[in-house]
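Spelled out from the first residue to the last, the chains are:
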Amino acid sequence: MILLLVLGAISGLFAQRGLFNLSYGNTMAEVDSILALHTFYPAESGKNYVKYYSDINELVESIMVFVHPASQRTVGWFIKYSRENSRESDELVIQRIMNMHGEKNHLDKETGQLIWFLSTTRSLHLIYAEDESLTALYFDSYFADLFQVENGQ
């Protein structure tokens, strides 16, 4: 019994929290609750994702949470910031990420991505989209096939 308690406590130490206080392995009830605190509510979904929007937050266009269909637990998430944000706003996002995940990152010059390697399979990818909006993708390569949505995004 003590061993189970210790293992449970240790596994909590490895939970990786990211932007908007989301974590890999969150249940959808937890995601709904966490994002509601940030004024985001689900508006569309597919078998492996739920997309959240806010009527109040003008800095973030949407948050897409990728979900394992069988367990209904988070395997990653994608944040699309508003293209109207200033470079100073984007710099604040980058600073917050560095405060959360450390300054050690990798710049992929070919794609222009800043990448933080969070574990052997998990990573954070920060890149500007074609419309010049900043995007952040918390990715888990173990579940790479779940990061596809129906309309090919």
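Asks: I'd love a proper account of the pairing of strand β2 (residues 49-53), names of residues and values included.
Replies: With respect to burial, β2 is a largely interior element, 4 of its 5 residues being buried. Across 5 bridges, strand β1 (residues 41-46) lies against β2 in antiparallel orientation. Within β2, the position partnered with glutamate 44 by the bridge is lysine 51. With antiparallel pairing between neighbouring strands as the criterion, β1 and β2 make up a hairpin whose turn holds 2 residues. Bridge count between β2 and strand β3 (residues 60-68): 4 bridges; the pairing is antiparallel. The residue bridging valine 50 from the neighbouring strand is valine 65, located in β3. The hairpin formed by β2 and β3 contains 6 residues between the paired strands.

Asks: Let's hear about the nonpolar core: which residues, and what values?
Replies: Among the nonpolar cores identified, the biggest contains 28 residues, and Phe20, Leu22, Leu35, Tyr52, Ile63, Val65 and Ile79 are the most heavily contacted of them. Broken down by secondary-structure element, the contributors of at least two residues to this core are α2 (28-37), β2, β3, β4 (73-81), α3 (87-101), β7 (122-128) and β8 (134-140). Residues in contact with tyrosine 52, not counting those within four places in the same chain, are Met28, Val31, Asp32, Leu35, Phe40, Tyr41, Pro42, Ser62, Ile63 and Val65.

Asks: Please provide a residue-by-residue account of the packing of aromatic side chains, values included.
Replies: Taken as a whole and assessed by the stated rule, the structure comprises 6 aromatic pairs. Aromatic pair tyrosine 24 and tryptophan 77: ring centres 5.2 Å apart, planes at 55°, arrangement tilted. Taken together, the positions of tyrosine 24 in the loop between α1 (2-13) and α2 and tryptophan 77 in strand β4 put the pair 53 residues apart, joining distant regions of the chain. The exposure class of tyrosine 24 is buried, given its relative accessible area of 8%. A ring pair is formed by tryptophan 77 and tyrosine 138, whose centres lie 4.3 Å apart and whose planes are at 15°; its orientation type is stacked. Taken together, the positions of tryptophan 77 in strand β4 and tyrosine 138 in strand β8 put the pair 61 residues apart, joining distant regions of the chain. Here tryptophan 77 matches tyrosine 138 in class, with each residue buried. Put simply, the rings of Tyr24, Trp77 and Tyr138 pair up and form one aromatic cluster. In this structure, arginine 87 packs its charged tip against the face of tyrosine 128, placed 4.5 Å from the ring centre.

Asks: Tell me about the confidence of the model for the protein chain, and name the residues and values.
Replies: Per-residue confidence for the protein chain averages 87 on the pLDDT scale, and 87% of its residues sit at or above 70. Confidence drops under a pLDDT of 50 for residues 1-14, and excluding neighbours within four residues, the segment shows 0 contacts in the predicted structure.

Rules and cut-offs
Residues numbered from 1 in each chain as written. Predicted model: local features only at pLDDT ≥ 70, side-chain atom pairs only at ≥ 80, totals over all residues. Heavy atoms only, no water. Buried < 20%, exposed > 50% of the residue type's maximum accessible area, 1.4 Å probe, protein only. Helix = DSSP H or I, 4+ residues; strand = E, 2+ residues; numbered from the N terminus. Pairing = 2+ DSSP bridges. Core = buried A, V, L, I, M, F, W, Y, C linked by side-chain atoms within 4.5 Å. Contact = heavy atoms within 4.5 Å. Phe/Tyr/Trp six-rings, centres within 6.5 Å; stacked < 30°, edge-to-face > 60°. Lys NZ or Arg CZ within 6 Å of the ring centre and 35° of its normal. pLDDT = per-residue confidence, 0-100.

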